[in-house]
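Report on the structure
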Amino acid sequence: MSYSQFFQKATGYPPYPYQERLAEEGWPEVLRVPTGAGKTAAIILSWLYRREVLKDGATRLIFCLPMRVLVRQTVENARKWFENLGLSQRYCVYEMMGGQLEEGWELQPYDPCILVGTQDMLLSRALNRGYAMSRYRWSVPFGLLHNDAQWVFDEVQIMGVARATSVQLQAFREKESVYGQSRSLWMSATLQQDWLATVDRPAPDLLHDLSAADLSYPALDKRMRARKVLCKSTLELSKETKKDYARQLAELVFQKHSASSISLVIVNQVDRAIEVYRALQKQFKGKSGFPELILLHSRFRPEDRARKELRLEAVQKNVPADGVILVSTQVVEAGVDLSARYLLTELCPYSSFVQRLGRCNRDGNEAQGGQAEWIDLRESALPYDVEKLDRSRQMLAQLTDVCPAALREVGGFDDESESDIVLRHKDLVELFETTSDLAGEDVDVSRYIREPSLHDAQVFWRDCASENWRTEEGLPRREELCSVSLSELKAFIGADRLAFRWNYGEEIWEVADRQRIRPGQVYLLRSSSGGYDSDLGFGREHKSAVLPIGESEKAKKYDDDRLGAKELTLEQHTLDVYSEMRTLLQNIQLGELPHELLLQACLWHDYGKAHDVFQGTMYGLPSPDAPKPLPLLGKSGQKGSHHYRKGFRHEFASALAALQREADPLIVFLAAVHHGKVRFSVRPLPQEQQKAEGGLTIRGIKSGDRLPAVKFGDFEVEETILNLDVLSLGHPRGWVRTLWSLVEEYGVFRLGFLESLMRCADVVASKKEGESLEVARV
């Protein structure tokens, strides 16, 4: 099948010449094509064609988008194209944004898939600090996102500081080397190559642009020449108009809106969008010809946001007689296939303004053309820089004809990201260590992902009616989460409105410090505190109790490595993991992987479960002195729930034994990290420090603890007496020196990939044994 046939079968229409070139000649690093020219189809279908027909390309296509509103549309299109091609059973598309985190891809590292997500969710995972997920699972996606993966960054002009981060990560992958292919492509209608120059990587040479052949296509030519006229509004936002601004704006829209058409209003702040929406409701109330009003911004729970997006899609196909007015923020700047007759927008940086213009008479079907009007801002510039607005104001003063072809001739797309914060290689290496510092804090990666004014957290609501709710309430489900800016959340919190964060160590919801609210973290709010309206979204002015979504689940009181649906011997579980790793390696076509070391690591990884503490829990023994029955168990059938040494980590015992037995350092590392709770820095827990009179205890292990001799198939280990002396910095084969030597030997990307495989083999084997691990839970 030719690519033209392949593309038409997927989409129902033939490809443009540039889309064919991408599939047949390979990808550049920069793709610059105008809004509405089919970038998404070009990328997804050329990747798919190269894998299916040319047998080339990375296993994972990672589609990184700056805004949530772009994600769902991309996911739906990709799934529809796969279905049209009869490939939906072989290729999966996973959605990754706040409130929707589909994570099954992590357990199938050899299956080709597409990950579509926001820069917050994807880049935080690429930096080993995944937002809205357990800290103990951070390292699983890290390895998979950097190896055998093709990154695509869309709408680069609104990525902000994340653009430099994406380039730096590509530079580091090229410096360290990875398993398989790992490349990046940046695309936008306004992208300039020099935007992608960083301290560690020069601007890319390969640029893919539209050719004369592309521009001659009737459908594309119609879009490029779609008539739209720009003028400056008589309304402006200033100190004098601020108080009455929303009402005046609503009155202006009332005058300009036409029946049977879509009018689009874009303001720069969520609070202003809500004020304008309410003012429009008042403006049209009691008048004939009331158009449908839709409010769309980023502060909704998934169900409410999806309802609004679906309604927007429906009215575009069949516009009501009285028309539709959409009030929105930057969320419609890119990716929303919306064609409005009238566009009213606040001043914004020029590249962003061009994207907004792409929503006016987008398809060229308006007989009289589209009308675009911009409002000057003399104050309330946030979230934008004043200098950027000044330059945009100068550019707009020169423009009247703003069809894409005319804007292409004008140019003037300067780099509008001026952050001084740049990710360096030493920063990335430090992020490979996920253990928190002595104060319980972590490195904050938000500065590499969003400008401070755009930082978000996630919140959800629960009744909290039970006396013991702090230990009984479980972690949130995806559909409960609502994004909120840090400034909004801090303003919401007060003496009678508390936020709570989950303490993974103590397994309790603790009061969050208002001054220590962090981007990407998840916070519980009491339903009685209010703060949400299904039509308006999050807002501290909403006083009514918030209805929780679904029934809350009880918090888990055990670790994911301790209980099972059925009793299983330690030998059987070990051999199951060994077998699963062998299957993984047979399916992953990356010949340079250290197969033998990975298989040996599987045999060592749970040796620490032979410890008396673990076996006492497995058999539910009444005291630590009770005799331990045989056989050694790896899963308990849910007999015990707590180790009598709180904080005991069997994987630490496994790794210590491997280190003392002079196993390869990679085996020691993989045994230690396979649950994400033991890594490079190992120190006593607070309760262990308080009991030092009984001898030093670290993660439930004491010097002199015994691991019995074991035999797992052909693998045998003699009795081992554990010794914590190897943790001292001066030890010739010490813990820290041994593990960090691997970073020098493999690099963090390849080492991370091997860790991902180890953890995948363990989890998949456990699931097949009858576990019901909820790996997708936040």
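Only a predicted model underlies this, so the values are computations on that prediction, with no experimental measurement involved.

**What about the sheet that holds strand E11 (residues 292-296)?**
- The six strands lie next to each other as E9-E14-E13-E10-E12-E11, forming an open sheet whose pairing is parallel. The outermost strands of the open sheet, each flanked by one partner alone, are strand E9 (228-237) and E11. For this sheet the average axis-to-axis angle between neighbouring strands, irrespective of direction, equals 15 degrees.
- Of the strands in this sheet, E9 and strand E14 (370-377) are in contact with helix H14 (residues 386-396), which crosses E14 at around 140 degrees.

**Overview of the sheet that holds strand E15 (residues 456-462)**
- Overall, mixed pairing links the five strands, which are arranged E16-E15-E19-E17-E18 in an open sheet. At either end of the open sheet lies a strand with only one pairing partner, and these are strand E16 (482-485) and strand E18 (508-511). On average, each strand axis in the sheet is tilted by 45 degrees relative to the strand beside it, whichever way the strands run.
- Pairing analysis gives four bridges linking strand E17 (residues 499-503) to E18, with the strands arranged antiparallel. When the sheet's bridge partners are listed, Arg501 is paired in E18 with Glu510.

**Digging into the nonpolar core**
- Core analysis: the biggest nonpolar cluster contains 123 residues, and Met581, Phe652, Phe669 and Trp735 have the highest contact counts within it.
- Looking at this core element by element, the count peaks at 17 residues for helix H25 (residues 735-768).
- Discounting chain neighbours no more than four positions away, the residues touching Met581 are Leu598, Leu599, Cys602, Leu757, Met758 and Ala761.
- The next biggest cluster of nonpolar side chains, apart from the first, holds 77 residues, and it includes Ala273, Tyr277, Leu293 and Ala372.

**Some thoughts on the confidence of the model for the chain**
- Taken as a whole, the chain shows an average pLDDT of 88; of its residues, 92% reach a score of 70 or greater.
- For the stretch residues 552-560, pLDDT sits under 50, and the model shows 29 contacts to residues farther than four places along the chain or on other chains.
- Below pLDDT 50 for its whole length, residues 772-778 participates in 27 contacts with residues either more than four positions away or in separate chains.

**Describing the packing of aromatic side chains**
- Using the criterion set out here, one finds 30 aromatic pairs in the structure.
- Pairing Tyr3 with Tyr49 gives two aromatic rings, centres 5.0 Å apart and planes at 70 degrees, and the pair type is edge-to-face. With Tyr3 in helix H1 (residues 3-11) and Tyr49 in helix H3 (residues 39-52), this pair connects stretches of sequence that are 46 residues apart.
- Exposure remark for Tyr3: the relative accessible area of 0% places this residue in the buried category.
- Residue Tyr49 is classed as buried on the basis of its relative accessible area of 7%.
- Connected via pairs of aromatic rings, a cluster forms that spans Phe142, Phe432, Phe669, Phe680, Trp740 and Phe749.
- In this structure, Lys677 packs its charged tip against the face of Tyr136, placed 4.9 Å from the ring centre.
- Stacked on the ring of Tyr179, the Lys or Arg Arg750 has its end atom at 5.6 Å from the ring centre.

**Topic: the packing of helix H6 (residues 139-146) against H25**
- Where H6 meets H25, the axes come as close as 7 Å, and the angle between the chain directions of the two elements is 125 degrees. If you check the angle between H6 and H25, you find them oblique. Read as a crossing pair, H6 and H25 show a hand that is left-handed. The residues of H25 that touch H6, namely those facing Ser139, Val140, Phe142, Gly143, Leu144 and His146, are Val748, Phe749, Gly752, Phe753, Glu755, Ser756 and Arg759.
- Looking at the contact of H6 with H25, its residues break down into six nonpolar, five polar and two charged.

**Things to note about the environment of Gly539**
- In this structure, Gly539 sits in the loop between strand E21 (537-538) and strand E22 (567-569).
- Look at Gly539 and you get buried, because its relative accessible area is 6%.
- Residues Gly539 and Leu570, spaced 31 residues apart in sequence, show a C-alpha to C-alpha distance of 52 Å.
- In this structure, Gly539 is in contact with Gly531 and Tyr532, ignoring residues within four places of it in sequence.

**Some thoughts on the pattern of salt bridges**
- In total, this model carries 44 salt bridges according to the counting rule given.
- One salt bridge connects Lys232 with Asp376, and the closest N-O pair in it is separated by 3.6 Å. Of the two residues, Lys232 sits in strand E9 while Asp376 sits in strand E14, which places them 144 residues apart along the sequence.
- When its relative accessible area of 43% is taken as the criterion, Lys232 is described as partly exposed.
- Asp376 gets classed as buried once you look at its relative accessible area, which sits at 0%.
- Note that Arg679 and Glu755 form a salt bridge whose closest N and O atoms lie 2.7 Å from each other. In this pair, Arg679 sits in the loop between helix H23 (665-673) and helix H24 (686-689) while Glu755 sits in helix H25, placing the two residues 76 residues apart along the sequence. Take Arg679 and Glu755: they sit in the same class, and that class is buried.

**As for unusual backbone geometry**
- With an omega of 10 degrees, the peptide bond between Leu382 and Pro383 qualifies as cis.
- By the element assignment, Pro383 lies in the loop between E14 and H14.
- Across the junction of Leu630 and Pro631, the peptide omega takes the value 5 degrees, indicating a cis bond.
- Among the structural elements, Pro631 can be located in the loop between helix H21 (612-618) and strand E23 (633-636).
- Backbone geometry places Asp148, a non-glycine residue, at a positive phi of 50 degrees.
- Here the phi dihedral of Ser177 falls at roughly 75 degrees; this positive angle occurs in a residue that is not glycine.
- Among the secondary structure elements, Ser177 is positioned in the loop between helix H7 (161-176) and strand E7 (182-188).

Analysis parameters
Residues numbered from 1 in each chain as written. Predicted model: local features only at pLDDT ≥ 70, side-chain atom pairs only at ≥ 80, totals over all residues. Heavy atoms only, no water. Pairing = 2+ DSSP bridges. Helix = DSSP H or I, 4+ residues; strand = E, 2+ residues; numbered from the N terminus. Axes fitted to C-alpha atoms, helices over the stretch in contact; angles between N-to-C directions. Contact = heavy atoms within 4.5 Å. Core = buried A, V, L, I, M, F, W, Y, C linked by side-chain atoms within 4.5 Å. Buried < 20%, exposed > 50% of the residue type's maximum accessible area, 1.4 Å probe, protein only. pLDDT = per-residue confidence, 0-100. Phe/Tyr/Trp six-rings, centres within 6.5 Å; stacked < 30°, edge-to-face > 60°. Lys NZ or Arg CZ within 6 Å of the ring centre and 35° of its normal. Parallel < 35°, antiparallel > 145°, perpendicular 65-115°, else oblique. Left-handed = near helix turned anticlockwise from the far one by under 90°. Nonpolar A, V, L, I, M, F, W, Y, C, P; charged D, E, K, R; others polar. Salt bridge = Lys/Arg side-chain N within 4 Å of Asp/Glu carboxyl O.

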